[in-house]
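# Structural description and commentary
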Amino acid sequence: MARAAIPGRLDWRVATVVDVRTETPRARTLTLDVPDWSAHKAGQHVDVRLVAEDGYQAQRSYSIASAPEESSVALTIERIDAAEVSPYLCDVLRVGDGLEVRGPIGGYFVWDVMQAGPLFLVAGGSGIVPLMAMLRHHARASEPTRAEAPVKLLYSARSWDDVIYREELERLADSPYVDVTIALTRDAPADWRGHRRRIDRAMLEETGWPASRTPRIFVCGPTPLVESAASLLVALGHDPVHVRTERFGPTG
Amino acid sequence: MQTEEMRLDGNAVAGSLLDVFAVDVTAALATCAGCGAERLVGALLEYGHGMGVVLRCPGCDAVMLRVVRAGGSVRVDASGVSLLAIPSD
Ligand SMILES: Cc1cc2nc3c(=O)[nH]c(=O)nc-3n(C[C@H](O)[C@H](O)[C@H](O)COP(=O)(O)OP(=O)(O)OC[C@H]3O[C@@H](n4cnc5c(N)ncnc54)[C@H](O)[C@@H]3O)c2cc1C
Ligand SMILES: [Zn+2]
């Protein structure tokens, strides 16, 4: 078929897995070397395609975790048991293997540190991934630029062991321009003094910026969590235009 | 499972939209032909799931854009969009 009749199409490329890192018992990061990669924006994703020997194809989206300033592309995938794509990415792929990807994709759920002003990031589970790219991008900016774009993160995870990028988040939170709040919904360590419930109105009000500061807000995670947090934020007075969402789908 | 739990943002299908549009349209402003609401394409609601792309208006739930691959062609029904404003430099 006349390929030229379909302009703008993103080509699929075979990336090579150059590093694999276990983040939590259920999530791991794949670092990919993608040929002819054009620099991404923080918040973008790639599409991944798996093709079985019989020709059956499965395609999924995965957010980019690495900062635009990094040359390789990191994806962090949470394993969903007995599912199609995530167990392959989490358990089967090895360093040196190829993986078909296309990207970077998406011009809506993106943030650049030069867009000064307060930023509020709200994550549920693996929804932390694109927000981590934003935090890593922020961390690479100059001191005055960071000061112009102070960030608050509210991250809801099932348990302390399920907190992805835990040590890096603790390090990032040392910055005067980064505030990290973690809420655990199921199990918490005995000495846990943080939040122990799902994201609710009071938590968003307490951990985020007041609407009067007109923060940019990015909410990402399982669809039910994203929809509930986004409507609570609008009820708190935030302009819906400033509340951007990235729904990952069901919670399983 | 409820279909509400399955839905995504228009931004999630930006890769497939590039099969149709020459540039990324997720930051383009789309006016709903049904209710007149203006939303960024990335903020529309996506219900496609394998069959192709189906973008609905978050305001009135009308289908704004449908992209289906069938019989060697990509079929685009944009009758639910009365205006699409794509940012250009
Ligand atoms: C724009 C975008 C970015 C994404 N980025 C990431 C990312 O960075 N990391 C990541 O791990 N995932 C991400 N996802 C989710 C990812 O695309 C897949 O949906 C997820 O990996 C499940 O695919 P699967 O083939 O393993 O499961 P499937 O075989 O499709 O589903 C198996 C079972 O799990 C349920 N299920 C489907 N999706 C989820 C989910 N997200 N959580 C829990 N249960 C689910 C299904 O309902 C089904 O019952 C993103 C999704 C989108 C739209
Ligand atoms: Zn409408």
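Reading the values: the criteria
- Residues numbered from 1 in each chain as written.
- Chains lettered and ligands numbered in written order.
- Predicted model: local features only at pLDDT ≥ 70, side-chain atom pairs only at ≥ 80, totals over all residues.
- Heavy atoms only, no water.
- Helix = DSSP H or I, 4+ residues; strand = E, 2+ residues; numbered from the N terminus.
- Expected span 1.5 Å × (residues − 1).
- Buried < 20%, exposed > 50% of the residue type's maximum accessible area, 1.4 Å probe, protein only.
- Contact = heavy atoms within 4.5 Å.
- Buried area = accessible area lost by both parts, 1.4 Å probe.
- Salt bridge = Lys/Arg side-chain N within 4 Å of Asp/Glu carboxyl O.
- Polar contact = N/O pair within 3.5 Å; in protein donor to acceptor, adjacent residues only side chain to side chain.
- Nonpolar A, V, L, I, M, F, W, Y, C, P; charged D, E, K, R; others polar.
- Pairing = 2+ DSSP bridges.
- Axes fitted to C-alpha atoms, helices over the stretch in contact; angles between N-to-C directions.
- Donors = N, O, S within 2.8 Å, 3.2 Å for Na, K, Ca; no water.
- Tetrahedral: all angles 85-135°; square planar, octahedral: opposite > 155°, others 65-115°.
- Core = buried A, V, L, I, M, F, W, Y, C linked by side-chain atoms within 4.5 Å.
- Domains from an automatic or database assignment.

## Concerning helix H6 (residues 223-235) of chain A
- Between its first and last C-alpha, H6(A) extends 18 Å over 13 residues, near the 18 Å set by a 1.5 Å rise per residue.
- Among the residues of H6(A), Thr223(A), Val226(A), Glu227(A), Ala229(A), Ala230(A) and Leu233(A) are the ones counted as buried.
- Buried residues along H6(A) sit against strand S7 (119-124), helix H5 (201-207), strand S10 (216-221) and strand S11 (243-247) of chain A together with helix H1 (3-6) of chain B.
- Positive backbone phi, at 105°, marks Gly237(A), one or two positions downstream of H6(A).

## Here's the deal with the interface of chain A and chain B
- Counting residues at the interface gives 25 residues for chain A, matched by 26 residues for chain B.
- Between chain A and chain B, a total of about 1900 Å² is buried, with carbon and sulfur atoms accounting for 51% of that surface.
- At the boundary of chain A and chain B, one finds 2 salt bridges.
- Here chain A is connected to chain B by 11 residue pairs in polar contact (both at pLDDT 80 or more).
- Where the side of chain A that touches chain B is concerned, the elements lending two or more residues are strand S3 (45-51), strand S6 (98-105), H6 and S11 of chain A.
- Sort the elements by how many residues they give to the side of chain A that touches chain B and S11(A) lands first, with 4 residues.
- The class makeup of the residues in the side of chain A that touches chain B is 10 nonpolar, 8 polar and 7 charged.

## Some words on the sheet that holds S3(A)
All names here are of chain A.
- Read from one edge to the other, the open sheet built from 6 strands follows the order S4-S3-S6-S1-S2-S5, with strand pairing classed as antiparallel. Unpaired on one side and paired on the other, strand S4 (57-63) and strand S5 (73-78) mark the two borders of the sheet. Across the sheet, the mean angle from the axis of one strand to that of its neighbour is 40°, orientation sign disregarded.
- Pairing geometry for strand S1 (residues 13-24) and S6, over 4 bridges, is antiparallel. Along S6, the bridge assignment pairs Arg13 with Val101.

## A short note on the coordination of the zinc ion (ligand 2)
- For the zinc ion (ligand 2), the full set of protein donor atoms is Cys32(B) (SG), Cys35(B) (SG), Cys57(B) (SG) and Cys60(B) (SG), and the range of their distances to it is 2.3 to 2.4 Å.
- Every donor counted, the 4 donor atoms about the zinc ion (ligand 2) form angles of 104 to 112° at the centre, which fits tetrahedral coordination.

## What to know about the nonpolar core
All names here are of chain A.
- In terms of nonpolar packing, the biggest core is built from 34 residues, with Leu121, Leu131, Leu135 and Tyr155 touching the most fellow members.
- Put simply, the parts of the chain that give this core at least two residues each are S7, helix H2 (128-139), strand S8 (151-159), helix H4 (166-172), strand S9 (178-187) and S10.
- With 7 residues, H2 is the largest single contributor of residues to this core.
- For this core, the two domains that each supply at least three residues are domain 1 (13-105) and domain 2 (113-248).
- Beyond its immediate stretch of four places on either side in the chain, Leu135 contacts Leu121, Val151, Leu153, Leu169, Leu172 and Val178.
- Counting 21 residues, the second-largest nonpolar core is a separate cluster that includes Val17, Leu75, Val85 and Cys90.

## Examining unusual backbone geometry
- The residue after Gly103(A), namely Pro104(A), is reached through a cis peptide bond having omega 0°.
- Residue placement: Pro104(A) occurs in strand S6.
- Residue Tyr165(A) is not a glycine yet carries a positive backbone phi of 60°.
- Along the polypeptide, Tyr165(A) turns up in the loop between S8 and H4.
- The exposure class assigned to Tyr165(A) is buried, which follows from its relative accessible area of 4%.
- For Asp61(B), which is not glycine, the phi dihedral falls at a positive 70°.

## Topic: the domain arrangement of chain A
All names here are of chain A.
- Split by domain assignment, chain A resolves into domain 1 (13-105) and domain 2 (113-248).
- For domain 1 versus domain 2, the distance between C-alpha centres works out to 23 Å.
- Counting residues at the interface gives 19 residues for domain 1, matched by 17 residues for domain 2.
- Taken as a group, Ser63, Ala65 and Glu78 account for 28% of the area that domain 1 buries against domain 2, more than any other trio of residues on that side.
- Remark: the boundary between domain 1 and domain 2 carries 3 salt bridges.
- Among the salt bridges present, the one from Glu70 reaches Arg140, with a minimum N-O distance of 3.7 Å.
- Mapped by element, the contributors of at least two residues to the side of domain 1 that touches domain 2 are S1, strand S2 (27-33) and S5.
- Counted by class, the side of domain 1 that touches domain 2 contains 7 nonpolar, 7 polar and 5 charged residues.

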